[in-house]
Amino acid sequence: MNHGFLYSALKAIKPLRALVRRLRSFWQRYRLEAWVLEGAERNSGEPIRVLFVGQVENCNYLARVVFAEDSVRRYRQRVWSWQVDSLLNGPVSPYGMIFVQQEPGARAWYPHKRCFVLPSWLAGELNVAQGLDSRRGNDSVKTDLRNIRRNGFTYRITREPQDIEYFYTTMYLPYIQQTHGDRAFVTSREELGREAGDRLELLLVEKDGKPVAGVYLGMHDQERVDALELGVAGADRNLVRMGALAAIYYYALVYAAEENYLRLYLGGSRPFLHDGALQYKKKWGLRIIGRLHTLPDVLVFQPRLGTAAVRSFLLNNPFVFEQDGVFRAAVFIGAPQESSDKSMDQIRKVYCLPGLAGATVFRVDGGATTLGQGEDVAPSMGSGVVLENEPAA
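Definitions and limits used
Residues numbered from 1 in each chain as written. Predicted model: local features only at pLDDT ≥ 70, side-chain atom pairs only at ≥ 80, totals over all residues. Heavy atoms only, no water. Buried < 20%, exposed > 50% of the residue type's maximum accessible area, 1.4 Å probe, protein only. Helix = DSSP H or I, 4+ residues; strand = E, 2+ residues; numbered from the N terminus. Contact = heavy atoms within 4.5 Å. 1 Å grid on protein atoms, 1.4 Å probe; cavity = no way out; pocket = protein on both sides within 12 Å on 5 of 7 lines; lining within 4 Å. Points joined across faces, edges and corners; volume = space filled by probe spheres on them. Nonpolar A, V, L, I, M, F, W, Y, C, P; charged D, E, K, R; others polar. Pairing = 2+ DSSP bridges. Axes fitted to C-alpha atoms, helices over the stretch in contact; angles between N-to-C directions. Parallel < 35°, antiparallel > 145°, perpendicular 65-115°, else oblique. Phe/Tyr/Trp six-rings, centres within 6.5 Å; stacked < 30°, edge-to-face > 60°. Lys NZ or Arg CZ within 6 Å of the ring centre and 35° of its normal. Core = buried A, V, L, I, M, F, W, Y, C linked by side-chain atoms within 4.5 Å. Expected span 1.5 Å × (residues − 1).

Undergrad: Teacher, can you tell me more about helix α2 (residues 56–66) here?
TA: For an α-helix, 3.6 residues make a turn, and residues three or four places apart therefore share a direction. Counting buried residues in α2 gives eight out of eleven residues, a clear majority hidden from the surface. Here α2 has its buried residues at Asn58, Cys59, Asn60, Tyr61, Leu62, Ala63, Val65 and Val66. Buried residues along α2 sit in contact with β1 (31–40), β2 (47–53), β3 (73–80), β4 (97–102), β13 (298–303) and α11 (308–316).

Undergrad: Is there a simple way to explain the layout of surface pockets in this structure?
TA: In this approach, a probe sized like a water molecule rolls over the atoms, and the result shows the empty space that is left. The space that makes up the largest pocket amounts to roughly 1,500 Å³. In terms of lining residues, the largest pocket is bounded by 50 residues, among which Trp121, His180, Gly268, Ala277 and Lys281 are the most central. Where the lining of the largest pocket is concerned, the elements lending two or more residues are α2, α6 (161–180), α7 (189–196), β10 (224–232), α8 (237–242), α9 (244–258), β11 (263–269) and α10 (276–283). For the lining of the largest pocket, a count of residues per class yields 26 nonpolar, 14 polar and ten charged.

Undergrad: Which parts of the structure should I look at to understand the pairing of strand β14 (residues 319–323)?
TA: Looking along a regular strand, one sees the side chains alternate between the two faces of the sheet. Most of β14 is tucked away: four of the five residues are buried. Sheet analysis places β14 next to strand β15 (residues 326–333), joined by five bridges and oriented antiparallel. Bridging across to β15, phenylalanine 321 finds its partner in arginine 328. Counting the residues in the hairpin turn of β14 and β15 gives two residues, including aspartate 324, whose phi is positive at 55 degrees.

Undergrad: What am I meant to see in the packing of helix α5 (residues 139–150) against α9 here?
TA: Helices that pack against each other are described as a pair by the angle of their axes relative to one another and the distance between those axes. The N-to-C vectors of α5 and α9 enclose an angle of 100 degrees; their axes lie 9 Å apart at closest approach. Between α5 and α9, the angle is such that the two are roughly perpendicular. Residue-level inspection shows Asp144, Leu145 and Ile148 of α5 in contact with α9, the latter providing Ala246, Ala247, Tyr250 and Tyr251. Its residues assigned to classes, the contact of α5 with α9 shows six nonpolar, no polar and one charged.

Undergrad: Can you walk me through the packing of aromatic side chains in this structure?
TA: For any pair of aromatic rings, the description consists of the separation of the ring centres together with the inter-plane angle of the planes. Counted according to the given criterion, the structure contains 21 aromatic pairs. Measuring from centroid to centroid gives 6.2 Å for tyrosine 249 and tryptophan 284, while their planes differ by 15 degrees, and the two rings are stacked. Of this pair, tyrosine 249 sits in helix α9 while tryptophan 284 sits in the loop between α10 and β12 (287–291), and the two are 35 residues apart along the sequence. You'll find tyrosine 249 and tryptophan 284 in the same group, each marked buried. Taken together, a centroid distance of 5.2 Å and an interplanar angle of 20 degrees make the contact between phenylalanine 332 and phenylalanine 362 stacked. Placement of the pair is phenylalanine 332 in strand β15 and phenylalanine 362 in strand β16 (residues 358–363), with a sequence separation of 30 residues. Considered together, phenylalanine 332 and phenylalanine 362 belong to a single accessibility category, that of buried residues. Taken together, the ring pairs in this structure connect Tyr61, Phe99, Phe116, Phe272, Phe301, Phe313, Phe319, Phe321, Phe332 and Phe362 into an aromatic cluster. The lysine or arginine in question, arginine 270, covers the ring of tyrosine 61, its NZ or CZ lying 4.3 Å from the ring centre.

Undergrad: Looking at this structure, how should I read the pairing of strand β8 (residues 200–207)?
TA: Judged by how many residues are buried, β8 sits mostly within the fold: seven of eight residues are covered. Of the pairings in the sheet, the one linking strand β7 (residues 153–158) to β8 comprises six bridges and is antiparallel in character. Looking across to β8, one finds that tyrosine 155 is bridged to valine 205. In the sheet, β8 pairs with strand β9 (residues 210–219) via eight bridges, with the strands oriented antiparallel. Across the sheet, residue glutamate 201 finds its bridge partner in β9, namely leucine 217.

Undergrad: For this particular structure, what's the right way to read unusual backbone geometry?
TA: Trans peptide bonds make up most of the peptide bonds, and negative phi angles are found at most residues other than glycine. We note that aspartate 70 has phi near 65 degrees; this positive angle belongs to a residue other than glycine. You can call aspartate 70 exposed: its relative accessible area is 76%. Positive phi outside glycine occurs at asparagine 260, with the angle close to 65 degrees. Tracing the backbone shows asparagine 260 in the loop between α9 and β11.

Undergrad: Sorry if this is basic, but what is going on with the nonpolar core here?
TA: Looking at soluble globular proteins, one finds that nonpolar side chains tend to be buried together. Phe153, Leu264 and Trp284 are the most contacted members of the largest nonpolar core, which totals 57 residues. Element by element, the count of residues in this core is highest for α9, at 13 residues.

Undergrad: How should I be thinking about α9 in this particular structure?
TA: An ideal rise of 1.5 Å per residue puts 21 Å on 15 residues; α9 measures up with 21 Å between its terminal C-alpha atoms. α9 sits mainly inside the fold: 13 of its 15 residues count as buried. Once α9 finishes, asparagine 260 follows within two positions and takes phi at roughly 65 degrees, a positive value.

Undergrad: Please clarify how the sheet that holds β3 should be interpreted in this entry.
TA: Paired through backbone hydrogen bonds, the strands of a sheet run either parallel or antiparallel to each other. Overall, mixed pairing links the six strands, which are arranged β3-β1-β2-β4-β13-β5 in an open sheet. On the outer flanks of this sheet lie β3 and β5 (116–119), each paired with one strand and no other. Sheet twist, expressed as the average angle between the axes of neighbouring strands with direction ignored, equals 20 degrees. Bridging between β1 and β3 involves eight bridges; their strand directions are antiparallel. Bridged to glutamate 33 within β3 is arginine 78. On the sheet, helix α3 (residues 81–89) packs against β1, β2, β3, β4 and β13 and is oriented at approximately 110 degrees with respect to β3.

Read these as geometric descriptors, not functional statements.
And the structure:
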């Protein structure tokens, strides 16, 4: 064999390989995966067309938020980044709303004055003492605790590898897959090991001596313990109704208090303030502490105005957005009388979660959606009423 010829041929191929790698990188960066979603808006039933650019799991979640069940039609396509730029900046768009997922710190080719920037996921935690105090002030938590006592749920802590594997396969995977379906971000065993390492423990909720639910706990530092992934045996909804899910939260707080931790980290929640998981954590005393570090992307959101569907979506889906380095709630109201002092106090109470800087309230008038001046919803337009949150104690 002519080894010299073979070496020369391989050497000549190297620049070609480098070119292929550069082309692949260019394609992945600028040729974006997108979905066009069409259907009836969930609350009004009016037709709406939405463009989503980003991960399919986030697309599936937004489809559930925006559209009436079983009404949505999806069309997958690829778009160049400058095409999205043109849609966001252009005066005319075929879409009622546009969502673009973007890595934090990436080139901001979206126009800030015409878009909201939402965290894809919010990170939150509980003050352990305040979380246990919620038993005295929240009727829903009181009901949960009665169910825990009545159905005899107890707990134990384990580090046994067989317990950890049993929980992963029979509780965590079935629960997240059945509860969240095609919207689920499933944590692999390897990812869990990297996140918690040898600091991993498992809190198992038991009934009649049999494990029925649980949560992985990671010891973050001397002040904070992290509730990483939870699950219910076989995703059994009857166990949830009996109080197994509530027992996870309650006993995690009890264990954290016994071990002298000050804070219990609850992982990620979606930025829409009516989201069920966010609301459930809120009743235990959730405090927002920033973006979820494992899923830190943002959603650039541009609602195009002038349709009943977009108006209905905004009125029914307050959300958390980022502005000037802080997180605020965006709340949309209708008739002028809804902006009374009483209604503003109610908005502050309901939507100004601990950890948020406050809320910006936008008024939506008449049949078309108009906020202040101009045709675009924009947090920087000065058209909203700004409510500041009360300072932390």
